[in-house]
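Coordinate inspection notes
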Amino acid sequence: MANVEAGTGGAGKRSGGGAYYYEEAEAEERAWTAWLVPLIVVACVAVFVAEMYVNNCPAHPGPFGSCAARFLHRVSFQPVRENPLLGPSSSTLEKLGALEWNKVVHQGQGWRLVTCIWLHAGLIHLLANMLSLLFVGIRLEQQFGFVRIGILYLLSGFGGAVLSALLLKKSISVGASGALFGLLGAMLSELIINWTIYSNRVAALLTLVVIIAINLGIGLFPHVDNFAHIGGFLSGFLLGFVLLIRPQFGWLERDDLPPSAQVTSKYKAYQYVLWVIALLLLIAGFVVGLVMLFRGVNGNDHCHWCHYLNCVPSSRWSCDA
């Protein structure tokens, strides 16, 4: 998710990852045809075209020079000096539903917690997010079906928006990166809760941790809403325990096994424990976050160091710029 300072363009964030599944799941995944993730991609592209149509750069000359790609006429981009991601103005994004703390809290526009997930700050931001979504999301949808992945995507994006609204008050924020980080978080928790049915699980765990750490690390640069990434990741991580739990090895074949080798429980004890803990934490997190948000609480008042999770100051850039 990109955060955009008032009157300027923001920077995008992309995420990617891979999945490691035990051999029997390879045949199982072919039972699902991925259509929801491609549909989300089409929807995001359509929304971006609508953004540029509403923006209408040629009709609104500004102090930053002429529009970029003027041959596109009405859907040409804002000047690169204003938005280096090749996209609309921040005022257009705000008009169409970008996340903005004051409008959510004081003007009752809670719907922005959802609409911001479908908007993108520019063509570069859109391409990075959609390529990542195709790379990660299609495999997950093939494995677990459109219902669970759809719920995971939307709730992760919503969770990222809630945390962003609590901690990022001076900028607007848009993008699907929170939802994408939710998919990465769910991949990690799915590996943990289904630990015993995987081969090469240590390598898979290390690979995912490295990918997630790199992506979160990139979010420490300016103009990237890392709060949305963290909120989406945490939401997806907890949702993965709830939605992506698999039966223990041997359950599906229990009728073909001798009595001495049959399993009596669909899930192992640790899977039940993780499922319950994750569900309780997820509910508590959403309730507390939403109550704090709509009471107008500034999350930074309760966490004086949290701003470093979104941007680390440097002699080369300013986090307030």
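Everything here concerns the structure above.
Keep in mind the model is a prediction, meaning the values are calculated, not measured. (Residues numbered from 1 in each chain as written. Predicted model: local features only at pLDDT ≥ 70, side-chain atom pairs only at ≥ 80, totals over all residues. Heavy atoms only, no water.)

1. Notes on a nonpolar patch on the surface
Taken together, the side chains of Trp32, Trp35, Leu39, Phe146, Val147, Ile151 and Leu155 define a hydrophobic patch exposed on the protein surface, amounting to about 620 Å² of accessible area. In terms of residue count, helix H7 (residues 146–167) provides more of the nonpolar patch than any other element does, 4 residues in total. Within the secondary structure layout, Ile151 lies in helix H7. Of the residues examined, Ile151 reaches a relative accessible area of 38% and is grouped as partly exposed. (Patch = residues over 30% accessible without salt bridge, like charges linked within 9 Å, V, L, I, M, F, W, Y side chains within 5 Å. Areas by Shrake-Rupley, 256 points an atom, 1.4 Å probe, with all protein chains shown as cover. Salt bridge = Lys/Arg side-chain N within 4 Å of Asp/Glu carboxyl O. Helix = DSSP H or I, 4+ residues; strand = E, 2+ residues; numbered from the N terminus. Buried < 20%, exposed > 50% of the residue type's maximum accessible area, 1.4 Å probe, protein only.)

2. Quick notes on the state of the cysteines
Counted by the stated rule, this structure contains 1 disulfide. Between the sulfur atoms of Cys57 and its disulfide partner Cys67 the distance amounts to 2.0 Å. An S-S torsion of about -100° defines the bridge between Cys57 and Cys67 as left-handed. Linking Cys57 in the loop between helix H2 (36–55) and helix H3 (90–96) with Cys67 in the loop between H2 and H3, this pair joins segments that are 10 residues apart in sequence. Under the relative-accessibility criterion, Cys57 is labelled buried at 2%. You can call Cys67 buried: its relative accessible area is 9%. (Disulfide = S-S within 2.5 Å.)

3. Topic: empty space enclosed by the protein
Which parts of space are left empty comes out when a probe the size of a water molecule is rolled across the atoms. Evaluation of the coordinates by the stated rule reveals 2 cavities of 30 Å³ or more. Empty space within the second largest cavity amounts to approximately 30 Å³. In terms of lining residues, the second largest cavity is bounded by Leu99, Glu100, Trp101, Ser164, Ala165, Leu168, Ser171 and Ser173. At the level of elements, H7 and strand S2 (171–174) are the ones that each hand at least two residues to the lining of the second largest cavity. (1 Å grid on protein atoms, 1.4 Å probe; cavity = no way out; pocket = protein on both sides within 12 Å on 5 of 7 lines; lining within 4 Å. Points joined across faces, edges and corners; volume = space filled by probe spheres on them.)

Purely spatial values, then, with no claim about function.
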